[in-house]
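Residue-level listing of the chains:
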Amino acid sequence: MKIFVEQLIPILFLTASLVLIIPLSSAAVRTDTEDLDNKVKNFLDSHDWGWGNMNVPAVDGQTLHDIILKNNYTIALEIGTSTGHSGIWIAWAISKTGGKLITIEINERRHREALENFEAAGLSEYIDARLGDAHTIVPALEGSLDFVFSDADKGWYKNYLIAVLPKLEVGGCYTTHNVSMGRGRRGRGGNRSYMDYLLSLPNLETTVDNRGSGLSISYKKSK
Ligand SMILES: C[S@@+](CC[C@H](N)C(=O)[O-])C[C@H]1O[C@@H](n2cnc3c(N)ncnc32)[C@H](O)[C@@H]1O
């Protein structure tokens, strides 16, 4: 009986510790997430007046964020950082899935401003922001991706897609900004021929969200 009690005491002690520690640590994680959410929201709200560097409208940013969360994507690429508006929406979602965003910008002033914005929004640790020409950086990227947002030079959209598609995992999503679909399909910078090419690819299932500036959303269905 004495041996039984001696064995029971450590077990009871361990159980009591777990009962106390697990709720405490999950509460701490919840508080951290809430803190970051508040910081990002405040930052985005405070910049409502100031996004003027060809940045996406908030509705498109929200859509990118929601796609990533819904599909639990973790390895994201953005082509065309500008000063970081869409990057903040993407990285906000990535902060919740535990991933990383690579974003590329050729203009040094915008790249620097984006770095400051990522820091102020509390998202720097989730972002690898690269300064340089996406024409060479994108084809040289190693490893796979599960989410892409293409928003740099429109005339190069098709080349970016051709370079990235083999690296996109099946089930992954490729999005393109400032496009339109439907009658005429007129648009800036070779939009029409890009859309014709995008829609011709048999392994992509593409829709266009027109609530903002025109966002194509293509899910990769097979290799
Ligand atoms: C429409 S803006 C991007 C807006 C950004 N996604 C946002 O919502 O905040 C396009 C950006 O792509 C950049 N860009 C254009 N050509 C590029 C290239 N070859 N490599 C990298 N960035 C490029 C431009 O300097 C510009 O800042």
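Residues numbered from 1 in each chain as written. Predicted model: local features only at pLDDT ≥ 70, side-chain atom pairs only at ≥ 80, totals over all residues.

A.B. asks: Residues and numbers for the overall build of the protein chain, please.
C.D. replies: Counting secondary structure elements, the protein chain contains seven helices and seven strands. In the protein chain, the order of α-helices and β-strands from amino to carboxyl end is α-α-β-α-β-α-β-α-β-α-β-α-β-β. Each of the 223 residues in the protein chain was classed as buried or not, and the buried ones make up 35%. Put simply, of all contacts in the protein chain between residues at least 6 apart along the chain, 69% involve residues at least 24 apart. (Helix = DSSP H or I, 4+ residues; strand = E, 2+ residues; numbered from the N terminus. Buried ≥ 20, exposed ≤ 12 C-beta atoms within 10 Å, placed from the backbone. Contact = placed C-beta atoms within 7 Å.)

A.B. asks: Quick one: what's the story with the site of the ligand, residue by residue and with numbers?
C.D. replies: Surrounding the ligand, one finds 20 residues, the nearest of these being Gly80, Ser82, His85, Ser86 and Ala134. Sorting the residues of the shell around the ligand by element identifies helix 3 (85-97), strand 2 (100-105) and helix 5 (134-137) as the ones contributing at least two each. Residue composition of the shell around the ligand, by class: six nonpolar, nine polar and five charged. (Near = placed C-beta within 6 Å. Nonpolar A, V, L, I, M, F, W, Y, C, P; charged D, E, K, R; others polar.)

A.B. asks: Give a detailed account of the sheet that holds strand 7 (residues 215-220), specifying residues and quantitative values.
C.D. replies: Strand pairing in a sheet relies on backbone hydrogen bonds. The paired strands run either parallel or antiparallel. In space, the seven strands of this open sheet follow the order 3-2-1-4-5-7-6, with mixed pairing throughout. Single-partner strands in this sheet number two, and they are strand 3 (127-131) and strand 6 (204-209). Within this sheet the neighbouring strands show an average axis-to-axis angle of 15°, counted without direction. Of the strand pairs in this sheet, strand 2 and strand 3 are connected by five bridges, and their pairing is parallel. (Pairing = 2+ DSSP bridges. Axes fitted to C-alpha atoms, helices over the stretch in contact; angles between N-to-C directions.)

A.B. asks: Go over the pairing of strand 6, please, and point to the residues and values.
C.D. replies: In this sheet, strand 7 lies alongside strand 6 in antiparallel orientation, the contact comprising six bridges. Its bridge partner lying in strand 7, Thr207 is registered against Ile217.

A.B. asks: Residue-level account of helix 6 (residues 157-164), with values.
C.D. replies: Listing the buried residues of helix 6 in full gives Tyr157, Tyr160 and Leu161. Down the axis of helix 6, the smallest arc covering the buried residues is 100°, so these residues share one side. Buried positions along helix 6 lie against strand 1 (75-79), strand 4 (145-150), strand 5 (168-177) and helix 7 (191-200). (Arc of directions from axis to C-beta.)

A.B. asks: Could you give an account of helix 2 (residues 58-71), with specific residues and numbers?
C.D. replies: An α-helical turn contains 3.6 residues, so a residue and the one three or four places further along point in the same direction. Over its 14 residues, helix 2 runs 20 Å from end to end, which matches the ideal 20 Å to within 8%, given 1.5 Å per residue. Within helix 2, the full set of buried residues consists of Asp60, Gly61, Leu64, His65, Ile67 and Ile68. All buried residues of helix 2 project into a common sector of 160° when viewed along the axis, lining one side. Of the exposed residues in helix 2, those oriented more than 90 degrees away from the buried face are Val59, Asp66 and Lys70. Looking one or two residues beyond helix 2, the residue adopting positive phi is Asn72, at roughly 55°. (Expected span 1.5 Å × (residues − 1).)

A.B. asks: Describe unusual backbone geometry, naming the residues involved and giving the relevant values.
C.D. replies: Positive phi is not limited to glycine here, since Met54 has a value of about 60°. Tracing the chain through its elements places Met54 in the loop between helix 1 (2-46) and helix 2. A tally of 15 C-beta atoms within 10 Å means that Met54 is categorised as partly exposed. Even without glycine at this site, Asn178 takes up a positive phi of about 60°.

A.B. asks: Go over the environment of Gly84, please, and point to the residues and values.
C.D. replies: Inspection of the secondary structure assignment puts Gly84 in the loop between strand 1 and helix 3. Gly84 gets classed as buried once you count the C-beta atoms within 10 Å, which come to 31. C-alpha of Gly84 to C-alpha of Glu113: the two residues are 29 residues apart in sequence and 7.8 Å apart in space. Ignoring anything within four residues of it in the chain, the contact list for Gly84 reads Ala114, Asn117 and Phe118.

A.B. asks: Outline the packing of helix 3 against helix 4 (residues 108-121), listing residues and values.
C.D. replies: It is at 10 Å that the axes of helix 3 and helix 4 come closest, and there the two elements cross at 40°. Crossing hand, helix 3 versus helix 4: right-handed. Contact with helix 3, carried on its side by Gly87, Ile88 and Ala91, involves Ala114, Asn117, Phe118 and Ala121 of helix 4 and no other residues of that element. Tallied by class, the residues present in the contact of helix 3 with helix 4 amount to five nonpolar, two polar and no charged. (Left-handed = near helix turned anticlockwise from the far one by under 90°.)

A.B. asks: Quick rundown of the nonpolar core? Include the residues and the values.
C.D. replies: Ranked by internal contacts, the top residues of the largest apolar core, which has 45 residues, are Ile68, Ala76, Ile90, Ala91 and Leu123. When residues of this core are assigned to their parent elements, the largest contribution, seven residues, is made by helix 3. Apart from the residues within four sequence positions on either side, Ile68 is in contact with Tyr73, Ala76, Ile90, Ala93, Ile94, Thr97 and Phe147. (Core = buried A, V, L, I, M, F, W, Y, C linked by C-beta atoms within 7 Å.)

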